Amino acid sequence: MIMRPKAVSTNTPDVSEQPDRSYAIGGQTLTAPKAAPGLYLVATPIGNLGDITLRALETLAGVDIIACEDTRITRRLTERYGIAAPLKPYHEHNAALARPKILEHLAKGASIALVSDAGTPLISDPGFKLVREVCAAGFSVVALPGPSSVLAALSVAALPTDRFYFEGFLPPKQTARRARLTELSRLDATLVLFESGNRVQETLADLATIMGARSAAICREMTKLHEEISRATLAELAQSAATLETRGEFVLVIAPRPEDSQAMSADEVDDLLRERLAHDSVKDAVAHAVEVSGRPRREIYARALELSKANEKRAHGED
């Protein structure tokens, strides 16, 4: 008699093979239970692979699929801990095509972990749209908290942490970047920014121009072998930026505006108006400056007219 395989249930995850559900710590192999159906948002180390949580390891070993930004980066983690769950790419370039496939797997009862290259998923990565669609479809979404470069930088910056604003990456072009920094300068909170090595020196120069007296910290390569934390005023950090090691990833933490300095100085207002008048009308430049400067509209408008007339004279070659 020929034994034929049973038909696969429609509730079985659509994956080619069920992985070995185990993980290894310190030479010991542990068995992980199969994760219940749903999407798991798993925080992974931002540098030091030892920062993974026990719950994250058990979940990564127990799911049917691990969706990740870069399979090469996540494979370093899974190989370190002997995890065999298949890795599938999910990043900004393939997200539109990958999301429907993930939803199909979930509809068949699969358990899927979403990880970013480093840190907590959805922080400066494309996971938001996936989570929104998974929730809309009625599937379970479970967060597994853990490493975060934002919180790690805040904890070592020696700056106020009772209220903070995470901006992520600033615009790459200087005009847009300075305009955004001017807006951020009005927030009554510690600021946390991401920056790449090839732009960190330019960004520090702009920060010094707009918020130069504030205390700040440069956090480079958090938790990694060459971790480096520099604390000083923005003006001092910008002045020494030429000698800054630019390889690696940066988190910049900037103190709130001092309590005794609620309004911009006249020089700061002039810098802001000059920047806005270069591409905006007087009306728009004034509206923006009034909003972010904390100074009277009448004063701002009068100064904008003076600067605008000076610009016109220079354009016509007048002294």
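Above: the structure in question.
Residues numbered from 1 in each chain as written. Predicted model: local features only at pLDDT ≥ 70, side-chain atom pairs only at ≥ 80, totals over all residues. Heavy atoms only, no water.

(A) A look at the pairing of strand S3 (residues 38-42). The element S3 is largely enclosed, with a buried count of 5 among its 5 residues. What you see with S3 is no split at all: Gly-38, Tyr-40 and Val-42 on one side and Leu-39 and Leu-41 on the other are buried throughout. Two strands pair when backbone bridges link them, and S3 and strand S6 (residues 111-115) are joined in this way by 4 bridges, in the parallel orientation. Following the sheet pairing, Gly-38 is matched in S6 by Ser-111. Bridge count between S3 and strand S7 (residues 141-144): 4 bridges; the pairing is parallel. Considered in S7, the bridge of Leu-41 is made with Ala-143. (Buried < 20%, exposed > 50% of the residue type's maximum accessible area, 1.4 Å probe, protein only. Helix = DSSP H or I, 4+ residues; strand = E, 2+ residues; numbered from the N terminus. Pairing = 2+ DSSP bridges.)

(B) Examining the sheet that holds strand S11 (residues 228-233) more closely. If you trace the 5 strands from one edge of the open sheet to the other, you get S8-S9-S12-S10-S11, paired in mixed fashion. The open sheet has two edge strands with one neighbour each: strand S8 (164-169) and S11. Averaged over all pairs of adjacent strands, the angle between their axes in this sheet comes to 15°, without regard to strand direction. As paired strands, strand S10 (residues 215-220) and S11 are joined by 6 bridges and run antiparallel to one another. Each bridged residue has a counterpart across the sheet, and for Ala-216 the counterpart in S11 is Ala-232. Most of the contacts of helix H5 (residues 149-156) go to strand S9 (residues 190-196), to which it runs at about 120°, and overall it touches S8, S9, S10, S11 and strand S12 (249-254). Where helix H6 (residues 174-184) meets the sheet, its contacts fall on S8 and S9, and the angle it forms with S8 comes to roughly 170°. (Axes fitted to C-alpha atoms, helices over the stretch in contact; angles between N-to-C directions. Contact = heavy atoms within 4.5 Å.)

(C) A look at helix H9 (residues 266-277). For H9, which comprises 12 residues, the first-to-last C-alpha distance of 16 Å matches the rise-based estimate of 16 Å (1.5 Å per residue) to within 8%. Where H9 is concerned, the buried positions are Val-269, Asp-270, Leu-272, Leu-273, Glu-275, Arg-276 and Leu-277. (Expected span 1.5 Å × (residues − 1).)

(D) Representation of the nonpolar core within the structure. Tyr-40, Val-42, Leu-60, Val-63, Ile-66, Ile-83 and Ala-113 are the most contacted members of the largest nonpolar core, which has 21 residues in total. Counting residues per element, the ones that place at least two in this core are S3, helix H1 (54-62), strand S4 (65-68) and S6. The greatest single-element share of this core, amounting to 4 residues, is contributed by H1. Counting residues in each nonpolar core, the second largest holds 19 residues, with Leu-191, Leu-193, Ile-210 and Leu-237 among its members. (Core = buried A, V, L, I, M, F, W, Y, C linked by side-chain atoms within 4.5 Å.)

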